[in-house]
Amino acid sequence: MKRKYIAATAQLGPIAKDEPRSSAVARMIALLREAHSQGSKLVVFPELALTTFFPRWFFEDEATIDGYFETEMPNADVKPLFDAAVELNIGFYLGYAELVWQDGVKHRFNTSILVDGTGQIVGKYRKIHLPGHKEYESWRPFQHLEKRYFEHGDLGFPVFDAFGGTAGMCLCNDRRWPETFRVLGLRGAELVMLGYNTPLHYPPAPEHDHLQDFHNHLCMQAGAYANGCWVIATAKAGREEDCDLIAGSCIIAPTGEIVARTQGVGDEVALAEIDLDRCKELRDNVFNFNLHREPGDYAPICEPKYK
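Not measured: the values here are computed from a predicted model. (Residues numbered from 1 in each chain as written. Predicted model: local features only at pLDDT ≥ 70, side-chain atom pairs only at ≥ 80, totals over all residues. Heavy atoms only, no water.)

**Some points on the sheet that holds strand β2 (residues 40-44)**
Read across the sheet, 6 strands follow the order β5-β4-β3-β2-β1-β14 without closing on themselves; strand pairing throughout is mixed. What marks the edges here is a single partner per strand, and that holds for β5 (121-126) and β14 (268-275). Neighbour-to-neighbour, the strand axes of the sheet open up by a mean angle of 35 degrees, direction not taken into account. Inspection of the sheet shows β2 paired to strand β3 (residues 91-102) by 3 bridges, in the parallel sense. If you follow V44 over to β3, its bridge partner there is Y93. Relative to the sheet, helix α3 (residues 79-88) contacts β3, β4 (105-115) and β5, its axis offset from that of β3 by approximately 145 degrees. (Pairing = 2+ DSSP bridges. Helix = DSSP H or I, 4+ residues; strand = E, 2+ residues; numbered from the N terminus. Axes fitted to C-alpha atoms, helices over the stretch in contact; angles between N-to-C directions. Contact = heavy atoms within 4.5 Å.)

**A closer look at the environment of E47**
Inspection of the secondary structure puts E47 in the loop between β2 and α2 (62-66). E47 sits 224 residues away from L271 along the chain, and the two C-alpha atoms are 19 Å apart. Not counting chain neighbours up to four residues away, the residues in contact with E47 comprise F53, G95, N110, K127, E146, L171, C172, G195, Y196, N197 and K236.

**Remarks on the environment of G153**
Mapped onto the fold, G153 is located in the loop between α4 (146-149) and β6 (159-162). Between the alpha carbons of G153 and E47 there is a distance of 14 Å; along the sequence they are 106 residues apart. Setting aside anything within four residues of it in sequence, one finds G153 in contact with F109, R126, K127 and I128.

**Looking at unusual backbone geometry**
Residue P74 follows M73 across a cis peptide bond; omega there is 0 degrees. By the secondary structure assignment, P74 is in the loop between α2 and α3. In this model, L48 sits at a positive phi of 45 degrees, which is unusual for a non-glycine residue. Relative to the helices and strands, L48 is located in the loop between β2 and α2. With a phi close to 45 degrees, C172 is a non-glycine residue in the positive phi region.

**So, the packing of aromatic side chains**
Tallied over the entire structure, the rule returns 13 aromatic pairs. Where F59 meets Y149, the ring centres are 6.3 Å apart and the plane angle is 35 degrees; that geometry is what we call tilted. You can see F59 sitting in the loop between β2 and α2 and its partner Y149 sitting in helix α4, a full 90 residues away along the chain. Each of the two residues, F59 as well as Y149, counts as buried. Among the aromatic residues, ring-to-ring pairing joins F54, W57, F59, Y68, F69, Y149 and F150 into one connected group. The ring centre of F69 lies 5.6 Å from the NZ or CZ of R108, which sits over that ring. (Phe/Tyr/Trp six-rings, centres within 6.5 Å; stacked < 30°, edge-to-face > 60°. Buried < 20%, exposed > 50% of the residue type's maximum accessible area, 1.4 Å probe, protein only. Lys NZ or Arg CZ within 6 Å of the ring centre and 35° of its normal.)

**Quick look at the environment of L200**
Looking at where L200 falls in the secondary structure, it is placed in the loop between β8 (191-196) and α6 (212-227). As for L200 and L276, which are separated by 76 residues in sequence, their C-alpha atoms are 33 Å apart.

This is the structure in structure tokens:
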């Protein structure tokens with residue numbers, strides 16, 4: 001694939017609690033076809049794109065929890081999306097809840113995969129920065145139980161040779177931590193893809209509610225600029241089961257500039273031509289890691305968590 005091509009962020013509107021995966025997949029296929037019709041070679045879907053954002057509820061029944069997870073990928077519900085990608089020769093990023101058994105032990109991860117135009121999975125990431133809490137908290141208008149339902153990702157921040165260059169992935173809250181982009185940047189990532197489900201209302205600090213869109217773009221624009229990489233970020237947006245999710249899906253250039261952005265809170269694509277060679281504008285100059293980094297002075301970053 002050329003190092004210059006059209007890519008798309010494919011935002012999803014709300015997914016109802018009782019909406020089947022087949023419906024979500026059909027919506028994504030429609031967005032895939034729309035992006036393809038405009039020349040896109042790569043489409044980025046949201047985090048947990050196959051179901052409603054279930055961590056907003058407290059569940060104790062294991063079968064109910066497991067019902068939101070995928071045990072294989074692709075499975076029967078998701079295979080039509082893979083088939084459409086092969087038909088169109090277009091790649092995609094997809095976020096979903098993953099259940100795996102290892103040595104007889106069940107593990108649950110918040111996962112994303114990167115799929116190429118032949119339908120092959122060429123990369124996998126498991127979310128590291130899990131937000132929220134583990135136990136039911138009655139004072140909240142809705143829960144945010146990612147720490148209950150998911151384990152800390154065990155794959156680190158890998159990069160992959162894909163789509164004409166070096167690609168990396170992360171998920172939602174990962175974008176708020178500069179270390180995410182720096183580790184991917186140090187490993188050569190020229191393109192970082194991520195999906196998110198971000199409530200407009202933040203119960204622990206409601207005085208920040210009006211800043212949610214600003215903070216969303218701030219951290220990603222800074223990550224793109226400080227590491228000389230493209231960022232494609234995609235929301236699940238709109239009012240989902242009485243919870244408002246922010247939109248603002250976008251494509252960000254290595255200069256930190258937003259070059260494409262969705263306009264609404266429903267299903268929508270926004271496209272831009274990305275040129276991976278533009279990464280050199282930053283990496284050969286202001287952020288030349290070999291010339292200007294001073295890792296000897298960064299020790300506190302890797303010290304243990306404060307007690």
